[in-house]
Amino acid sequence: MQASAILRDLDPGLGARIENRLRDEAGIVQFRRSDGRTAHPTSQGVTLRGLGGNASSRALVTLDGVPQADPFGGWVAWSAYDAINLGGIIVTRGGGSGVDGPGALAGTIGVYSTMTDGAEASAAYGSRDSLDFSASAGGNLGNGQVAIDGRYSRGDGFVPIVKSQRGAVDRAAPYEQGGLGIRLRFDAGADSRIEASLRGFSDRRDRGTDYTTSKFDGIDASLRFVHDPWGATQWLALAYVQLRDFDSGFASIAAGRNSIAPALFQSVPATGIGTRVEVRPAIGDANPLRVGVDWRRTTGRTEEDYFFSGGTPSRHRIAGGSSDTVGAFAEWSSGDADEGFLWTLGGRLDRWRLGTGYRLERNIGGSLITDLAFPARSGWEGSGRAGVRWTSGGFALRAAAYRGWRLPTLNELYRPFRVGADTTTANELLKPERLWGGEVGADWSRDGTRLSVTFFANRLENAIANVTLAPNLSQRQNLGAIDSKGIEFAADQQLGPVALRATWAFTDAKVDAAGAAASLDGRRPAQIAKNSGSVSLRSTASGPFGGFATLRYISKQNEDDLGLQVLDDALTLDAGLSWRITDAVSIEARGENLTNTLVPAAISSAGIVERATPRTLWIGARLGF
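Residues numbered from 1 in each chain as written. Predicted model: local features only at pLDDT ≥ 70, side-chain atom pairs only at ≥ 80, totals over all residues. Heavy atoms only, no water.

## Here's the deal with the overall build of the protein chain
Convention followed: In this text, helices come from DSSP runs of H or I with a minimum length of four residues, and strands from runs of E with a minimum of two, each type numbered from the N-terminal end. Throughout, the radius of gyration refers to the C-alpha atoms, and the reference size of a globule is 2.2 Å times the residue count to the power 0.38. The rule is simple: take the accessible area with a 1.4 Å probe, protein chains only, and divide by the maximum for that residue type; under 20% is buried, over 50% is exposed, in between is partly exposed. Here, residues are in contact when the closest pair of their heavy atoms is within 4.5 Å. Calculation of accessible area relied on Shrake-Rupley with a 1.4 Å probe; when residues are assessed, cover is drawn exclusively from the protein chains displayed.
Broken down by element type, the protein chain carries 2 helices and 39 strands. For a compact globule of 625 residues, the expected C-alpha radius of gyration is about 25 Å, and the protein chain comes in at 24 Å, within 12% of that figure. The principal-axis extents of the C-alpha atoms in the protein chain amount to approximately 70 × 55 × 50 Å. Taken across its 625 residues, the protein chain has 53% of its residues classed as buried. Within the protein chain, residue pairs in contact and separated by at least 24 positions form 63% of the contacts whose partners lie at least 6 positions apart. Summed over all atoms, the accessible surface of the protein chain reaches about 25200 Å², with 59% contributed by carbon and sulfur.

## A word on the environment of Ser519
Assignment of secondary structure puts Ser519 in the loop between strand 30 (498-512) and strand 31 (531-539). A residue is classified by how much of its surface remains accessible, and Ser519, at 41% relative accessible area, is partly exposed. Taking the C-alpha atoms as reference points, Ser519 and Asp561, 42 residues apart in sequence, are found 9.3 Å from one another.

## Details of the pattern of salt bridges
Note the cut-off: One speaks of a salt bridge when a side-chain nitrogen belonging to Lys or Arg is within 4 Å of a carboxyl oxygen belonging to Asp or Glu.
Per the stated rule, a full pass over the model turns up 54 salt bridges. For Arg154, the salt bridge goes to Asp129, with nearest N and O atoms at 3.9 Å. In this pair, Arg154 sits in strand 10 (residues 144-155) while Asp129 sits in the loop between strand 8 (118-126) and strand 9 (130-141), placing the two residues 25 residues apart along the sequence. Taking the shortest distance from any N to any O, the salt bridge between Glu195 and Arg224 comes out at 3.0 Å. Remark: Arg224 occurs in strand 13 (residues 214-227) and Glu195 occurs in strand 12 (residues 192-205); sequence separation between them is 29 residues. Taking the relative accessible area as the measure of exposure, Glu195 reaches 16% and is therefore buried. Accessibility expressed as a relative area gives 13% for Arg224, which makes it buried.

## A short note on the packing of aromatic side chains
Quick reminder of the rule: Note on aromatic contacts: the rings of Phe and Tyr and the six-membered ring of Trp form a pair at centre separations within 6.5 Å, being stacked when their planes are under 30 degrees apart, edge-to-face when over 60 apart, and tilted otherwise.
What the rule picks out here adds up to 9 aromatic pairs. Centre to centre, the rings of Phe374 and Tyr414 are 6.1 Å apart; their planes meet at 10°, and the pair counts as stacked. With a gap of 40 residues between them, Phe374 in strand 20 (residues 368-374) and Tyr414 in helix 2 (residues 410-414) connect regions that are remote in the sequence. For Phe374, a relative accessible area of 10% translates into the label buried.

## Concerning the nonpolar core
Rule in force here: Definition used in this section: a nonpolar core is a set of buried Ala, Val, Leu, Ile, Met, Phe, Trp, Tyr and Cys residues joined via side-chain atoms within 4.5 Å.
Residues Tyr81 and Ile89 are the most contacted members of the largest nonpolar core, which totals 35 residues. Elements with a contribution of two residues or more to this core: helix 1 (18-22), strand 3 (46-48), strand 4 (59-63), strand 6 (86-93), strand 7 (107-113) and strand 27 (464-470).

Structure below.
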């Protein structure tokens, strides 16, 4: 009933990154075109179907069912997946999927891990003195399994600012990232098991100037009990915790880019905890009904030093709060998945609460400037989805209608930020976003050929966006709405020893705004391209030689809400070749952006252009036994 895709080929190492693999699916949009080696960590939200406006994720990202959005900011720490062996990604487009939790406005990106049986490792050397090591080992332990996964990568980086605009302050932006995780899976009686996961990651990068270093550390843990007998009632219970510690510096750069000074230092500790219980009662010989409850709590604050003089800050600010969401959900599916009609009906009801927020500002070592408390707020929100699919042979028609919602993040409510001379203030009065949407589509498959097309229309009310108030000054505000409609197309074809996949998305998104944001009415949301697409060829043969090639295109998009700065379109090529020397050893060479296309990732209000990854070459080896 929903347009979806299953992504595999997620082998870690040799420069491969999960956020870049997602870019192979047209219509999946990350707020910046840069990846997790150079983009600022707070700019790495993800969305679909033109529902943009800021860097918070409007797609729900989960790992083995656990929400992955940062508990404070709603962005996704893609480097955190270095500490786990991934088995696949299911991308489900469209909102209202209440069984996965609230927040699935644009869709759900479900990431799944796999338990390693044996050992595998990779090592690679790349452009700009880059290194990438990954390893995973696992096996039986008593009546269960254990797996340990890890990855380390570093590089000297490239200069983000385009060559013609660089000044004395600009330099390469190095990065260093790593993660380590352990997972356990044990039998717990007939048709039952316990799954436990613990992983941590560390991420260091900067923006290519002094005073812009960011440090992002995290620890995630989860415990799950699963009881899934065939033909009987099934159930699961899940509990998890996310710990995040984020520090970042921001700089003030003079015109001409020949002098620089610190502007702001931020520290953002945050915690997310949650639990979930789901039951699938046996009805006849199937389990068509899913019912359950879940709860998620987030707490966090921003601690800032600013108003620098002679390299020393004169003011300090603390702002933050908490949020709680508790919900109940149910979903019923009935019919034949292979022939005739299949339909599903699901919904959830959530009670949300924003705890008392606060903002405290004082002169360092001196007087109090601001001491504000923002009253607690609460409310009810509903989500739902109804879908139907009719299948005859290799042809299927499908349709769905849905409603979803998203609570503002603590970041949007309480954390201001600065990029160069451009400041964006927080807004503690933001309201939840609400989505209404629908889609119709068709699928056809025969003899190794698969075609899919989907037409969609969405209206995101109370859309949160960064709204320009004055030159170099913006504020997060609720817009009237973002209206988005478009077409998504995907084709797969097996061509002898290689598989061809092509995707394309056309998105016509416009802002519906009045009042203080009236100047945005009818404009395209920031960071949303009208056209995007990709064509990939991947070897599927079992012989010693393999490879892939991926061509990606993204059209022009607005950098800012007013459309004063435009990011040009870009066409890039990635490719790789591999040679399996023995059953256990292979060597591999791969390249990113082989044509060295200038991919603009950001433009400041002064017209300074930042680029995404230039040509990057890798050579390395894989070992498995």
